[in-house]
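The chain contents come next:
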Amino acid sequence: MGYQAVYDRAKRDPAGFWDEVAGAIDWDSAWDRVLDASNPPFYRWFAGATLNTCFNAVDRHVLAGRGEQAAIIYDSPVTSTQETISYAQLQDRVARFAGALRDQGVGKGDRVIVYMPMVPEAVIAMLACARIGAVHSVVFGGFSARELATRIDDAKPKVIVAGSCGIEPNRVVHYKPLLDEAIELATHKPKRCIVLQRLQEPGELIADRDTGWAEAVAAATPAECVPIAATDPLYILYTSGTTGQPKGVVRDNGGHAVALHWSMGSVYDVKAGEVFWAASDVGWVVGHSYIVYGPLLAGCTTVLYEGKPVGTPDAGAFWRVIEEHGVNVLFTAPTAFRAIKRADPRGELLADYDLAGFRALFLAGERCDPDTLRWAQEMLQVPVIDHWWQTETGWAIAANCLGIERLPVKPGSPTVAVPGYDVRVLDEDGHAVAAGDIGRILIKLPLPPGCLPTLWGDDQRFVESYLSAVDGYYLTGDAGYLDEDGYIFVMSRIDDVINVAGHRLSTGGIEGALASHADVAECAVIGVADELKGELPVGLVVLKAGVTRDSTAIVNELIALVRDEVGPVAAFKHVAIVERLPKTRSGKILRGTMKRIADGREYRMPATIDDPATLDEIKQALAAIGYAKRG
Ligand code: COA
Ligand code: AMP
């Protein structure tokens with residue numbers, strides 16, 4: 001069947017479609033209903049069924065004769081190590097660590113925070129949770145102690161599993177002191193921390209609270225897979241929203257396993273035994289779905305890469321990994337390719353490698369600019385597929401589904417809606433706009449399996465954030481348009497979320513950090529265009545009356561403050577001190593207009609502006625720090 005036929009079938013009869021697809025997963029007991037729509041706007045997939053996600057991702061492949069096949073290839077240029085873990089070895093290591101968690105009293109429904117760098121133990125910890133029905137919440141290592149504390153207080157983990165350190169090309173990141181500080185800051189205290197002591201920098205263990213990973217595992221007996229309700233949570237992953245308080249996106253077990261397994265074949269066109277590499281981090285949704293669960297559910301080999309696209313050691317790193325490990329399909333963010341292109345514009349390093357088995361490159365995480373797309377196509381001579389999705393959906397909303405039918409690529413578009421998603425572009429009143437007109441992008445309910453059923457502990461925020469804009473629709477938070485062929489163009493966010501090197505950040509969160517500085521009266525953060533990272537946050541700050549301190553010192557303090565409170569990943573390095581911020585007469589800060597000024601784009605004087613002169617002042621202040629250049 002071609003794309004249109006599959007899409008139409010999924011739209012006409014979602015329950016029938018996913019019922020068939022679900023046959024690829026091993027269930028402990030069958031569902032009462034494929035889709036439980038008895039309590040809208042809450043929908044549940046495979047209600048009444050039980051399964052174990054870890055069994056489906058690991059054990060069943062061993063039973064099916066894949067025990068000797070590589071499950072994980074760990075490639076770490078930053079530590080000069082490599083390790084191949086077979087499915088049989090993975091089963092053993094996961095079962096033992098699950099036993100170690102169980103020894104700490106962790107059971108079904110208990111939360112476990114995983115704060116680890118890109119090492120196999122991070123994947124093992126996630127799968128071990130799934131094995132015993134515990135709910136993992138992985139926190140990205142580039143976040144600060146305060147961000148970690150916020151997540152500890154929301155998820156209330158019984159145990160935290162952490163690495164002692166992370167390795168960035170320019171420094172060792174001290175995870176253990178960050179963990180200690182976060183626990184100090186948090187109101188909720190975990191019962192125990194299990195710390196993976198890395199050779200590069202072991203952490204100091206706190207008596208009666210911390211145990212080394214090796215000791216915890218040595219004392220444990222392997223734990224078996226436990227049947228889990230399809231509708232029970234597998235994990236919580238926090239993502240940035242409009243406010244500084246992150247949203248705890250919940251993923252269920254059943255719908256997730258079904259959708260991700262299906263996506264491996266239908267979207268990415270990979271089969272069991274092939275090598276899939278998502279060059280991301282386990283702390284992001286891409287890492288959850290396509291470093292860990294997707295490839296393993298499908299019986300593929302997944303590559304776990306602890307390094308960067310450039311600088312570890314050079315811009316040929318991705319080609320080396322593809323050749324060395326026989327990667328068939330690579331998934332990364334456009335920013336990684338922009339970094340490679342900048343370092344090696346003619347792709348000369350490619351000549352050193354043989355990419356014979358390499359079939360396709362998938363890009364997501366941010367809008368893929370046509371220049372980057374064309375460069376990657378020219379260099380690699382394989383299909384380059386932009387696809388669009390978000391933490392909330394867990395898998396692609398729009399893509400060129402290579403496993404169904406390869407459609408023509410239109411640069412700037414992630415192609416068409418993936419079967420299961422009914423994507424609409426609507427105006428403020430909820431009416432469809434004409435082809436080519438920009439509007440808010442929404443998805444008609446029910447969302448397909450794998451998408452978030454709710455936010456952790458907060459059904460109300462779930463409904464308010466996503467389901468209240470138009471009755472019966474999920475609000476993606478993105479704006480864009482559909483062309484006459486049904487191709488989707490995702491242009492920008494409609495909220496205060498910005499995208500820095502494929503990382504999703506809340507300007508509200510950065511503003512919160514700036515506002516906590518003693519000299520700051522008011523502030524605004526905008527995402528300005530950046531050639532490498534897509535967007536970069538820039539702060540505009542009004543000082544309190546009477547502050548006479550040196551402004552350079554204040555700027556440096558503000559940069560350090562954001563690094564400390566939000567984390568280095570925010571890449572916050574630019575602040576302009578201004579006399580006042582441009583506002584509407586009702587007091588709303590004109591962030592959109594400031595962004596256009598910063599980017600050197602045309603802007604219209606907003607009719608509701610309180611004092612037009614403020615825009616000239618802002619322009620000068622932004623020009624003084626290198627922005628607001630027309631061109
Ligand atoms: N732990 C601690 N710190 C981290 C970290 C981690 N896991 N990951 C990043 N950081 C730090 C970096 O060291 C850097 O700190 P610095 O200010 O001291 O240099 C800062 O956070 C920003 O990191 P990063 O976004 O990686 O920027 P970079 O300038 O080091 O590299 C790219 C730029 C484009 C090479 C890089 O962003 C990249 O590889 N992106 C790939 C895209 C990606 O993985 N997207 C995820 C979603 S698909
Ligand atoms: P995250 O939840 O971190 O994956 O970020 C999701 C957001 O990143 C989306 O809502 C979009 O704003 C943006 N995004 C992701 N992929 C794409 C894409 N292919 N094209 C345009 N924007 C994208």
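Here the structure is a predicted model, which means the values were calculated and not measured. (Residues numbered from 1 in each chain as written. Chains lettered and ligands numbered in written order. Predicted model: local features only at pLDDT ≥ 70, side-chain atom pairs only at ≥ 80, totals over all residues. Heavy atoms only, no water.)

### Some details on the pattern of salt bridges
Thinking step 1. Under the definition given, this model contains 41 salt bridges.
Thinking step 2. Its salt-bridge partner being Asp422, residue Lys11 comes within 4.0 Å of it at the nearest N-O pair. Placement of the pair is Lys11 in helix 1 (residues 3-12) and Asp422 in the loop between strand 22 (416-417) and strand 23 (423-426), with a sequence separation of 411 residues.
Thinking step 3. A relative accessible area of 12% means that Asp422 is categorised as buried.
Thinking step 4. Of the charged contacts in the structure, one is a salt bridge between Arg320 and Asp75, with a shortest N-O distance of 2.8 Å. Residue Arg320 is located in helix 11 (residues 317-325), and its partner Asp75 is located in strand 4 (residues 70-76); the two are separated by 245 residues in the primary sequence.
Thinking step 5. Residues joined by salt bridges that share partners form a network here, namely Lys176, Asp180, Arg209 and Asp210. (Salt bridge = Lys/Arg side-chain N within 4 Å of Asp/Glu carboxyl O. Helix = DSSP H or I, 4+ residues; strand = E, 2+ residues; numbered from the N terminus. Buried < 20%, exposed > 50% of the residue type's maximum accessible area, 1.4 Å probe, protein only.)

### Quick word on empty space enclosed by the protein
Thinking step 1. A complete count under the given rule lists four cavities of 30 Å³ or more for this structure.
Thinking step 2. Taken as a whole, the largest cavity encloses approximately 150 Å³ of empty space.
Thinking step 3. Contributing to the lining of the largest cavity are 17 residues, with Tyr43, Leu447, Cys451, Leu452 and Pro453 lying nearest its centre.
Thinking step 4. Elements that contribute at least two residues to the lining of the largest cavity include exactly strand 2 (42-47) and helix 14 (459-467).
Thinking step 5. It is strand 2 that contributes the most residues to the lining of the largest cavity, four residues altogether.
Thinking step 6. Of the residues in the lining of the largest cavity, the class split is 14 nonpolar, one polar and two charged. (1 Å grid on protein atoms, 1.4 Å probe; cavity = no way out; pocket = protein on both sides within 12 Å on 5 of 7 lines; lining within 4 Å. Points joined across faces, edges and corners; volume = space filled by probe spheres on them. Nonpolar A, V, L, I, M, F, W, Y, C, P; charged D, E, K, R; others polar.)

### Details of the layout of surface pockets
Thinking step 1. Space inside the second largest pocket adds up to approximately 250 Å³.
Thinking step 2. Lining the second largest pocket are 14 residues, and of these Tyr74, Thr81, Val119, Glu121 and Arg198 sit closest to its centre.
Thinking step 3. Breaking the lining of the second largest pocket down by element, the ones donating at least two residues are strand 5 (81-86) and helix 5 (120-132).
Thinking step 4. The dominant element in the lining of the second largest pocket, judged by the number of residues it contributes, is strand 5, at three residues.
Thinking step 5. Class assignment for the residues of the lining of the second largest pocket results in five nonpolar, five polar and four charged.

### Structural notes on the packing of aromatic side chains
Thinking step 1. Taken as a whole and judged by the stated rule, the model has 35 aromatic pairs.
Thinking step 2. With a centroid separation of 4.9 Å and an interplanar angle of 90°, the aromatic rings of Phe17 and Trp18 are classed as edge-to-face.
Thinking step 3. Assessed through its relative accessible area of 7%, Phe17 is described here as buried.
Thinking step 4. Three or more aromatic residues joined by ring pairs make a cluster, and in this case those are Tyr268, Phe276, Tyr290, Phe331, Phe362 and Trp389.
Thinking step 5. Between the NZ or CZ atom of Arg151 and the centre of the ring of Phe143, over which it lies, the distance is 4.6 Å.
Thinking step 6. The cationic tip of Lys410 hangs over the ring face of Tyr487; the distance from NZ or CZ to the ring centre is 4.5 Å. (Phe/Tyr/Trp six-rings, centres within 6.5 Å; stacked < 30°, edge-to-face > 60°. Lys NZ or Arg CZ within 6 Å of the ring centre and 35° of its normal.)

### Regarding helix 9 (residues 254-266)
Thinking step 1. In a regular helix each residue adds 1.5 Å, so 13 residues correspond to 18 Å; helix 9 covers 18 Å between its end C-alpha atoms and thus fits that length.
Thinking step 2. Helix 9 sits mainly inside the fold: 11 of its 13 residues count as buried.
Thinking step 3. What helix 9 keeps buried is the set Gly254, Gly255, His256, Ala257, Val258, Ala259, Leu260, Trp262, Ser263, Met264 and Ser266. (Expected span 1.5 Å × (residues − 1).)

### Overview of the site of ligand 1
Thinking step 1. Residues in close proximity to ligand 1 total 25 residues, the closest being Glu168, Arg171, Lys308, Lys533 and Arg563.
Thinking step 2. Here an oxygen atom of ligand 1 and a side-chain polar atom of Lys308 are 2.7 Å apart.
Thinking step 3. Across the complex, the protein chains shield 85% of the 940 Å² of accessible surface that ligand 1 would expose by itself.
Thinking step 4. Of all the secondary-structure elements, those providing two or more residues to the shell around ligand 1 are strand 10 (171-174) and helix 12 (334-343). (Near = heavy atom within 4 Å. Polar contact = N/O pair within 3.5 Å; in protein donor to acceptor, adjacent residues only side chain to side chain. Areas by Shrake-Rupley, 256 points an atom, 1.4 Å probe, with all protein chains shown as cover.)

### A look at the site of ligand 2
Thinking step 1. For ligand 2, the set of nearby residues contains 15 residues, the closest of which are His387, Thr391, Asp478, Arg493 and Arg504.
Thinking step 2. Contact distances for ligand 2 include 2.7 Å between an oxygen atom and a side-chain N or O atom of Arg504.
Thinking step 3. Taking 490 Å² as the accessible area of ligand 2 by itself, protein coverage stands at 93%.
Thinking step 4. Tallied by class, the residues present in the shell around ligand 2 amount to four nonpolar, five polar and six charged.

### A closer look at the UniProt feature "domain: Acetyl-coenzyme A synthetase N-terminal" (unreviewed entry) in the chain
Thinking step 1. When the UniProt feature table is mapped to this numbering, "domain: Acetyl-coenzyme A synthetase N-terminal" (unreviewed entry) covers residues 3-57.
Thinking step 2. Annotated as residues 3-57, this span is 42% helix and 27% strand, and its ends, taken at the C-alpha atoms, are 27 Å apart. (UniProt positions renumbered as here; feature names shortened; annotations may be inferred.)

### Some words on the nonpolar core
Thinking step 1. Within the largest apolar cluster, 125 residues are counted, with the highest numbers of intra-cluster contacts made by Phe46, Phe97 and Leu127.
Thinking step 2. With 10 residues, helix 5 is the largest single contributor of residues to this core.
Thinking step 3. Non-local contacts of Phe97, meaning those with residues more than four positions away in its chain, are made with Ile124, Ala125, Ala128, Val161, Ile194, Trp213 and Val217.
Thinking step 4. With 68 residues, the next largest nonpolar core counts Ala149, Val528, Leu536 and Val569 among its residues. (Core = buried A, V, L, I, M, F, W, Y, C linked by side-chain atoms within 4.5 Å. Contact = heavy atoms within 4.5 Å.)

### Comments concerning the pairing of strand 28 (residues 503-506)
Regular strands show a simple pattern: their side chains alternate between the two faces of the sheet.
Thinking step 1. Of the two faces of strand 28, both are covered, the one formed by His503 and Leu505 as well as the one formed by Arg504 and Ser506.
Thinking step 2. Note: strand 27 (residues 497-500) against strand 28, four bridges, orientation antiparallel. Paired with Val500 across the strands is His503, a residue of strand 28.
Thinking step 3. Linkage of strand 27 to strand 28, two consecutive antiparallel strands, is achieved through a turn of two residues, within which Ala501 is found at a positive phi near 55°. (Pairing = 2+ DSSP bridges.)

### Let's talk about the sheet that holds strand 20 (residues 384-386)
Thinking step 1. Spatially, 5-4-17-16-18-19-20 is the arrangement adopted by the seven strands of the open sheet, whose pairing is mixed. The strands lining the two open edges of the sheet, one partner per strand, are strand 5 and strand 20. Ignoring strand direction, the axes of neighbouring strands in this sheet form an average angle of 20°.
Thinking step 2. Bridge count for strand 18 (residues 329-332) against strand 19 (residues 360-363) is four bridges, and the pairing is parallel. Its bridge partner lying in strand 19, Thr332 is registered against Leu363.
Thinking step 3. Strands strand 18 and strand 19 of the sheet are contacted by helix 12, whose axis makes an angle of about 95° with strand 18. (Axes fitted to C-alpha atoms, helices over the stretch in contact; angles between N-to-C directions.)

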